[in-house]
Every structure is written in C-alpha cells, then in structure tokens.
Amino acid sequence: MLKHAAGVCVVVLAVVVPASAQEKPYSFVAGGAINAPLSNSADRFTMGFGFTGGAAWQFSSQLALTADYMWSTFGDQDDFSSVAASRPVDVAPRMQFGTVNIRFQAPPGRVRLYVIAGAGIYYRSVGLSAGGTENISVCDPWWFVCTPEPAPVSAVNGTRSSTNPGLNAGVGLTAGRFFVEMRYHFMWGPSFTTSHGTEDANGKYLPLTIGVRF
C-alpha cells in the first residue's frame, strides 16, 4: 500500500513540478491602435493609427509592472491651415512614446478587468511643407513653430519635434491571451509666444489598443 502511495506521489510530483517551472512571471504584448487626439490637438490633427509592443512583470496574480512603446501617425485638419498660416501648408504629424505603468487586475478568470496608470516620455514631430516662393507666416504651438514675421518658405518647411514627460491612465479587458485597452495620455509641451499670449503645446490623446499577450 505504501509503495502504491509513494508511486502516486512520485507521478504527481513529476507532473506538477515541471508545470510550475513553466509558469513565467513575465509576458510580452503586441497590438494595433486607433489614436484619437483630444482638446487642442484635435483642432489640428485627425484620428491616427499605430502599433504597440511591450512587456510585463507579474508580481502576483493581480499586480504587474508594465513597460510599453507606441508609434502612431495622424492626419491633419484641412480647415486649420488657413488659421495657422498665411497660405496652405501640408502637415504630417507623428508621435512615439514609452511608458512604465502599474497594472492592477481582477482575480483570475476567463475575462478580467484591469486598471493601469503610470508615466512616460513622449516624442511628437510635425512635418510642414508649403509651396511657392513668397515668404509665409506660420504660427501654431502644436505645429512647434511660430514665426514672429513672414519668413522664407525654406525656413518653414521641414520637421520639428518635441520630447516631453507625460502621464497616462486607463482601463482594459483581457480574455485569454487577447486584450482591449483604452488609456488617456497627457504630455507637457514647449511654450510659444503667439498673438493670444504664451501658449503651452500640451498634448492630450486617447488611444484604443487591441492586441495579444504571449
């Protein structure tokens, strides 16, 4: 009898120990995103698309530390060019960011709700391209340019960028390996002197991400 019990214990240990060893405290994510500008950013840019990737370290079944990266591109509001420039300008906005966050999720189950929040570094760039040879006036903080007076086209055309810290917070839902997540992102921006006074080019965005964890 004891021999049979010992044999069962050996078999159970042989199955359980390798299975436990295979459980990893870390995971990776990849996905796509629809990124919506908000507030002043929405006046200049239209909804964009991008991709994301990252990793997570699980402290417990409910608490994890995550790090992620996102790249996204946006369109420009056609009717805004006449407000910011003396003649039409083609605008090509882009954004990249990396964040580190704390994620707290519901107890283990087939579907789990979670909240996530943290901080990051945000890189925004705006490419400007205007035709013609006459001088042009351009002034918009969210384009990262404000010429005090008409300037040569060559001085306006090109890409300008800003790298700033920011914060983010949101909610998500996981089902197996798949997840959907929405996070609000706020980033500080540089200051510009305009006809309305000093304005800070702070950014506000709301990406919706769908992806997979592995």
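1. Examining the side chain of R103
Here comes step 1: Assignment of secondary structure puts R103 in strand β4 (residues 90-105).
Here comes step 2: Polar contacts involving the side chain of R103 include one to the side chain of Q58, which spans 3.3 Å.
Here comes step 3: Not counting residues up to four positions away in its chain, the partners in contact with R103 are A56, Q58, Q62, L63, A64, T66, Y114, V115, I116 and R213.

2. Observations regarding the pattern of salt bridges
Here comes step 1: By the definition in use, this model includes 4 salt bridges.
Here comes step 2: A salt bridge links D43 to R44; its shortest N-O distance comes to 3.9 Å.
Here comes step 3: The partly exposed category is assigned to D43, whose relative accessible area is 43%.
Here comes step 4: Between R44 and D140 there is a salt bridge; the shortest N-O distance is 2.8 Å. Taken together, the positions of R44 in helix α2 (residues 39-44) and D140 in strand β6 (residues 139-140) put the pair 96 residues apart, joining distant regions of the chain. Comparing R44 with D140 shows no difference in burial state: the two are buried.
Here comes step 5: By sharing partners, the salt bridges in this structure join D43, R44 and D140 into a single network.

3. Structural notes on the environment of A85
Here comes step 1: Here A85 lies in the loop between α3 (81-84) and β4.
Here comes step 2: When the C-alpha positions of A85 and D140 are compared, they lie 8.3 Å apart, and in sequence the two are 55 residues distant.
Here comes step 3: Once residues lying within four places of it in the same chain are set aside, the contact partners of A85 are I136, S137, V138 and W143.

4. Details of the state of the cysteines
Here comes step 1: In total, this model carries 1 disulfide according to the counting rule given.
Here comes step 2: Across the disulfide, C139 is cross-linked to C146 (sulfur-sulfur distance 1.9 Å). Given an S-S torsion of about -70°, the disulfide between C139 and C146 has left-handed geometry.
Here comes step 3: The exposure class of C146 is partly exposed, given its relative accessible area of 22%.

5. Overview of the confidence of the model for the protein
Here comes step 1: Here the protein averages 90 in pLDDT, and 89% of its residues register 70 or above.
Here comes step 2: Predicted confidence is poor over residues 1-6, with pLDDT under 50, and the contacts of this stretch with residues over four places away or in other chains come to 0 contacts.
Here comes step 3: Counting interchain partners and residues more than four positions distant, the pLDDT-below-50 stretch residues 8-22 has 1 contact.

6. Looking at the nonpolar core
Here comes step 1: In terms of nonpolar packing, the biggest core is built from 27 residues, with V89, L128, I136, V138 and W143 touching the most fellow members.
Here comes step 2: Of all the secondary structure elements, the ones that give two or more residues to this core are β3 (63-76), β4, β5 (111-129) and α4 (153-156).
Here comes step 3: Sequence-distant contacts of I136, that is, excluding residues within four places in its chain, are made with A85, S86, R87, V89, A130, T147, P150, A151, V153 and V156.

7. What to know about the sheet that holds strand β9 (residues 178-187)
Here comes step 1: Ordered by their spatial adjacency, 8 strands build a closed barrel running β1-β2-β3-β4-β5-β8-β9-β12, and the pairing between neighbours is antiparallel. Sheet twist, expressed as the average angle between the axes of neighbouring strands with direction ignored, equals 25°.
Here comes step 2: With 12 bridges joining them, strand β2 (residues 45-58) and β3 adopt antiparallel strand pairing. Its bridge partner being in β3, F45 is matched across the sheet by D76.

8. Overview of empty space enclosed by the protein
Here comes step 1: One pass over the full model with this rule turns up 3 cavities of 30 Å³ or more.
Here comes step 2: The wall of the largest cavity is formed by 17 residues, among which V29, D68, F179, E181 and R183 lie closest to the centre.
Here comes step 3: Elements with a minimum of two residues in the lining of the largest cavity: β2, β3, β4, β9 and β12 (203-213).
Here comes step 4: Looking at the lining of the largest cavity residue by residue, the classes come out as 8 nonpolar, 4 polar and 5 charged.
Here comes step 5: Put simply, the second largest cavity is a space of about 70 Å³.
Here comes step 6: Together, F45, F74, P93, R94, M95, R124, S125, V126, W142, F144 and Y205 line the second largest cavity.
Here comes step 7: Put simply, the parts of the chain that give the lining of the second largest cavity at least two residues each are β4 and β5.
Here comes step 8: Of the residues belonging to the lining of the second largest cavity, the class tally is 8 nonpolar, 1 polar and 2 charged.

Calculation notes
Residues numbered from 1 in each chain as written. Predicted model: local features only at pLDDT ≥ 70, side-chain atom pairs only at ≥ 80, totals over all residues. Heavy atoms only, no water. Helix = DSSP H or I, 4+ residues; strand = E, 2+ residues; numbered from the N terminus. Polar contact = N/O pair within 3.5 Å; in protein donor to acceptor, adjacent residues only side chain to side chain. Contact = heavy atoms within 4.5 Å. Salt bridge = Lys/Arg side-chain N within 4 Å of Asp/Glu carboxyl O. Buried < 20%, exposed > 50% of the residue type's maximum accessible area, 1.4 Å probe, protein only. Disulfide = S-S within 2.5 Å. pLDDT = per-residue confidence, 0-100. Core = buried A, V, L, I, M, F, W, Y, C linked by side-chain atoms within 4.5 Å. Pairing = 2+ DSSP bridges. Axes fitted to C-alpha atoms, helices over the stretch in contact; angles between N-to-C directions. 1 Å grid on protein atoms, 1.4 Å probe; cavity = no way out; pocket = protein on both sides within 12 Å on 5 of 7 lines; lining within 4 Å. Points joined across faces, edges and corners; volume = space filled by probe spheres on them. Nonpolar A, V, L, I, M, F, W, Y, C, P; charged D, E, K, R; others polar.

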